[in-house]
Structure formats: structure tokens, C-alpha cells
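Listed below are the residues making up each chain.
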Amino acid sequence: MRFKNSAAMFFLSIFMSAAFCQSNENNIKFFIKGNISEKITALKNASGRETAVLAVKTVDFILQNLEDTGFDDRDMNNLAITGILALPANIVNTDNTILTKLYKLFELSQDSTIKIAVLEKIVLFQETKPSAESVNVLNNFLSESIEKKQSGDVQKNAVISLGKIGNGQSFSILYDCLQTECFSPYSKEILEALGNLADKSLSEILQILSSTTIDRITEIFDLIKNNSKISASFKAEIAENILSETINNTEENENPEVQKLEFDAFCIIVESNWTRASSLINSYFMTSKTAFESSKMKDSQFVKIIEGVSQLATAEVSQVLTNYLTELNKQTEKGGKVSETIILALVKSLGELGNKNAFDQLLLATYLDYPQTVIAEARISLTKLKWEN
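Per-chain numbering applies: the sequence of each chain, read as written, is numbered from 1 onward. At least 70 in pLDDT is required for a residue's local features to be given in this predicted model, at least 80 for side-chain atom pairs to be given and counted, and no such filter applies to totals for whole chains, interfaces and linings, which use all residues. Values reported for side chains reflect all heavy atoms of the structure, with hydrogen atoms and water molecules removed beforehand.

K.L.:
What is the right way to look at helix α12 (residues 202–209) in this model?
P.N.:
Of the positions making up α12, those classed as buried are Glu 204, Ile 205, Ile 208 and Leu 209. Down the axis, α12 shows its buried residues gathered within 135° of arc, on one side only. The contact criterion used is simple: two residues touch if any of their non-hydrogen atoms lie within 4.5 Å. Strands here are runs of E lasting at least two residues and helices are runs of H or I lasting at least four, both read from the DSSP assignment and numbered beginning at the N terminus. Contacts from the buried residues of α12 go to α10 (168–178), α13 (214–225) and α14 (232–247). Relative accessibility under 20% of the residue-type maximum defines a buried residue, over 50% an exposed one, and the middle range a partly exposed one, all with a 1.4 Å probe and only protein chains included. The arc in question is the one traced by the directions running from the helix axis out to the C-beta atoms.

Written out as C-alpha cells, the structure is:
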């Protein structure tokens, strides 16, 4: 009995295997011999390896007949979309020509749905087998769209696609899209794509920052500083370059928008402990000091700058703050009035820095006609100074 059951199972498996092969063979024959509707049915009925075979055959068939059938044949377009969507992610590992075929289909077809389907597959294949040519195709397409002032769903999807697979050149092209009026409906998608590509586009970003408006610089910087995927050092380097660009423009230094941008850049540098920019920070402090003294900056913001500067904790920073305390002490000695919040922040920051070179001026502050809160803080700061080498 056991032998009979085993034999039955054996013959059943052979029958099922033969039926499966026949089914596969029938699908392929059905596709080859069938009309457009039957080809679509064969594709939908296919499974496993057969799907990949028929999907590639579909792309080949479309490319061979597209010019003859025209670009607006609904049946051909439906077949093309079905075939493209059926292409499996790993097809690029076994078919070296499929991407080239898709590029050609993207170029020739005038159907938006076909083009978008191609874009989706290009992104999918990039994850399986990265291709620089795929990025170039999308870059060129958007560049031509900018030149021709063409935008639509295909361009929108190209923007999104480049945000996933693009390179530094893509960043520059997307930035150009941002400045092109016909792309304005897709500003959100463009900005998101720019944010995704920022960390691989340092040289392109620096070039843009040196040749654009404050509004655009602010827009790009907001993308970078709010992106959790970007490293602190990258953000700090961008912040350093922004501060360097704006601080040297004396005409703009009193502009509130510029002041906010500079302050945001300053905060990123401080948060990242980017001591490489200490000389620049000292210059920023002096610029801010001038703005404060000419009533172009509020006490509260200048206090934050004093506190932030001290966090870099370099000897150079300590000397700059000590020099400022010297100025304020001289003003007070001559009967001048200084802001209590400013002098308080200053003596406290010098105590946190602990540089013994501040000793003379901190000690002097305890004898001058400052409010008791300032004198008390100066005494505390004196105890924090470090005397060892």
C-alpha cells in the first residue's frame, strides 16, 4: 500500500510539473501569437521567471513598433505600462540591455504614464545595480525641461526620483528648477529632493551660496540644518561658508534677515563645536558688537552671541571677550552706562572659559560702579580661572 501511494505521488508530481511547463509555454506562445489585448492577458497570467521573460519581450515589442503605431495608441500604451510594471527588480542583474531600452522608451514615448512608470523602475533598479547613466538621463531630462520651460507630472516625478538617486550635478539642476517659474507648483518636492542630496553636493552648494540671494541662501540653509540625515560637521562647514559670505558684506550686516541668517549659522557652528571657524566667529562677534552699539541689535540676541562665542573655548575667543570687558570697564570708569545684561553675560562667560588672562579685568570689575549682581558674578568668575599651564 505504501508503495502504491508513493508511486501515485511520483506520477502526480510529474504531471503537475509537465502541466506547469505547458502552462508557461502556452503563456509565452499566447503572447507571441496574440493581439495586444491577449498579450496583456498573457503578461497578467504569467508568474515567476516567465513574468520577467514576457516583460522584456513587451518592452522589445513596444520599441520595435512604437513609431509605426504612433505615440497615442491607447492599446499599445496599456501594453507598455503593463510590461514595464512587470519588470522585476533583479532583471538588471541578468539583462544588461534593459536599462538602455527603458531610456529609449522614455525618450520616444509621449505618454506621461509610461514615462512615470519608467522613472519608477529606474529608481528601483538603482537600488539593485547602481547606474551613473540612469542619473545622467534624469539630469539631462530636467535640464532640457528647464530650457524649454516645460513642466508637468513627468517632471515632478523626475524631481522626486533624483531626490532618491541623484548626485551633485542633480543638486545644481534641481536648484535651477527652484528658480524656474514653471516649476513653482513643485517647490515642495524640489526642496525635499535638494535636502536629500545636500550631503553629497558640498562643492555645488558652496558655488550656489557665493552667487545667490539672501532668500535663497536662507532657504537652502534651512533645508540643511533641519535635516537629521546630514552630519553635524557638514552643517558646520556650510554654516561657516554662509557666515563668511555674509559677514564681509557690510551693506547687508544691518539687514534683519541677514542678521537672522548669520545668527542661525553661528548657532550651528557653536553647536557643532566647529573650532576651525574660531577666527571667523571672532569677526562675527565684532560685527555683532558694532550692530549692538549702534542699536541695530537687541540686548537679548547679543547676550546669546556672547554666550555662544564662549562655548568654543579657544584662547582666541577668550582674548576677544577679555578685550571687550576692558572696553566696558573703561566706559564705566569714565561714568558711562553699560547694559547690565551684557556685562553680566560677559563676566559669566569669562568665568566659564577660565582663562587666567581675564583676571585683571574681572578683578577690576569688582571695584567699579556695577550693579551688585555683576560684582557678585565677577567674583564667582575669578574663582573659576585656571592657573595651571
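K.L.:
Explain the environment of Glu 352 to me, please; I cannot follow it from the model alone.
P.N.:
The residue Glu 352 is located in helix α19 (residues 340–353) in this model. Leave out the neighbours within four places in its chain, and Glu 352 touches Lys 384 and Lys 386. Of the polar contacts made by the side chain of Glu 352, one reaches the side chain of Lys 384; its length is 3.0 Å. N or O atoms closer than or at 3.5 Å make up a polar contact, with two conditions inside protein: a donor-capable atom paired with an acceptor-capable one, and, for residues adjacent in sequence, both atoms drawn from side chains.

K.L.:
Looking at this structure, I do not really get the side chain of Glu 377. What am I missing?
P.N.:
Along the chain, Glu 377 falls in helix α21 (residues 372–384). Just so you know, the count uses Lys and Arg for positive and Asp and Glu for negative, and it drops His and the chain ends. Within this document, salt bridges are pairs made up of a side-chain nitrogen of Lys or Arg and a carboxyl oxygen of Asp or Glu, the two lying within 4 Å of each other. It is Lys 384 that comes nearest to the buried, bridge-free Glu 377 among opposite-charge side chains, at 5.1 Å. Setting aside residues no more than four positions away along its own chain, Glu 377 makes contact with Leu 344, Val 347 and Lys 348.

K.L.:
Is there a simple way to think about the packing of helix α9 (residues 153–165) against helix α11 (residues 187–197) in this case?
P.N.:
Helix packing for two helices is described by the angle between their axes and how far apart those axes are. Where α9 meets α11, the axes come as close as 8 Å, and the angle between the chain directions of the two elements is 20°. By the criterion of interaxial angle, the relationship of α9 to α11 is roughly parallel. The way α9 lies across α11 gives a crossing that is left-handed. Across the interface between the two elements, Lys 156, Val 159, Ile 160, Leu 162 and Gly 163 of α9 pack against Glu 189, Ile 190, Ala 193, Asn 196 and Leu 197 of α11. Angles here are taken between N-to-C directions and fall from 0 to 180 degrees, while the axes themselves are lines fitted to C-alpha atoms, restricted in helices to the stretch in contact. Any angle between 65 and 115 degrees counts as roughly perpendicular, while under 35 counts as roughly parallel, over 145 as roughly antiparallel, and the rest as oblique. Crossing handedness is defined as follows: a turn of the near helix away from the far one that is anticlockwise and smaller than a right angle gives a left-handed crossing, while the clockwise case is right-handed.

K.L.:
Looking at this structure, I do not really get the environment of Lys 289. What am I missing?
P.N.:
As for its placement among the helices and strands, Lys 289 is situated in helix α16 (residues 278–293). Since its relative accessible area comes to 8%, Lys 289 is described here as buried. It is 9.4 Å that separates the C-alpha atoms of Lys 289 and Ile 305, two residues lying 16 residues apart in sequence. With residues near it in sequence (within four places) discarded, Lys 289 still touches Phe 302, Tyr 324 and Glu 327. Within the structure, the side chain of Lys 289 is placed 3.2 Å from the side chain of Glu 327, a separation counted as a polar contact.

K.L.:
Mind showing me how you'd approach α14 here?
P.N.:
An α-helical turn contains 3.6 residues, so a residue and the one three or four places further along point in the same direction. Expected span, for any helix, means 1.5 Å times one less than how many residues it has. In a regular helix each residue adds 1.5 Å, so 16 residues correspond to 22 Å; α14 covers 22 Å between its end C-alpha atoms and thus fits that length. Within α14, burial applies to Phe 234, Lys 235, Ala 236, Ile 238, Ala 239, Glu 240, Ile 242, Leu 243, Thr 246 and Ile 247. On its buried face, α14 is in contact with α12, α13, α15 (256–271) and α16.

K.L.:
Honestly, the pattern of salt bridges in this entry has me stumped. Any pointers?
P.N.:
Pairs may arise between side chains of opposite charge once their charged atoms sit close together. Applying the stated criterion to the full structure yields 10 salt bridges. The shortest N-O distance in the salt bridge between Asp 60 and Lys 101 comes to 2.9 Å. Residue Asp 60 is found in helix α3 (residues 49–69), and its partner Lys 101 is found in helix α6 (residues 98–108); the two are separated by 41 residues along the sequence. Overall, Asp 60 belongs to the partly exposed group, its relative accessible area being 22%. Glu 219 is the partner of Arg 216 in a salt bridge, and the nearest nitrogen-oxygen pair spans 2.5 Å. Highlighted residues: Arg 216 and Glu 219, both in helix α13, separated by three residues, approximately one helical turn. When its relative accessible area of 22% is taken as the criterion, Arg 216 is described as partly exposed. Given the relative accessible area of 26%, Glu 219 is considered partly exposed. Look at the salt bridges and you will find they share partners, linking Glu 237, Glu 240 and Arg 276 into a network.

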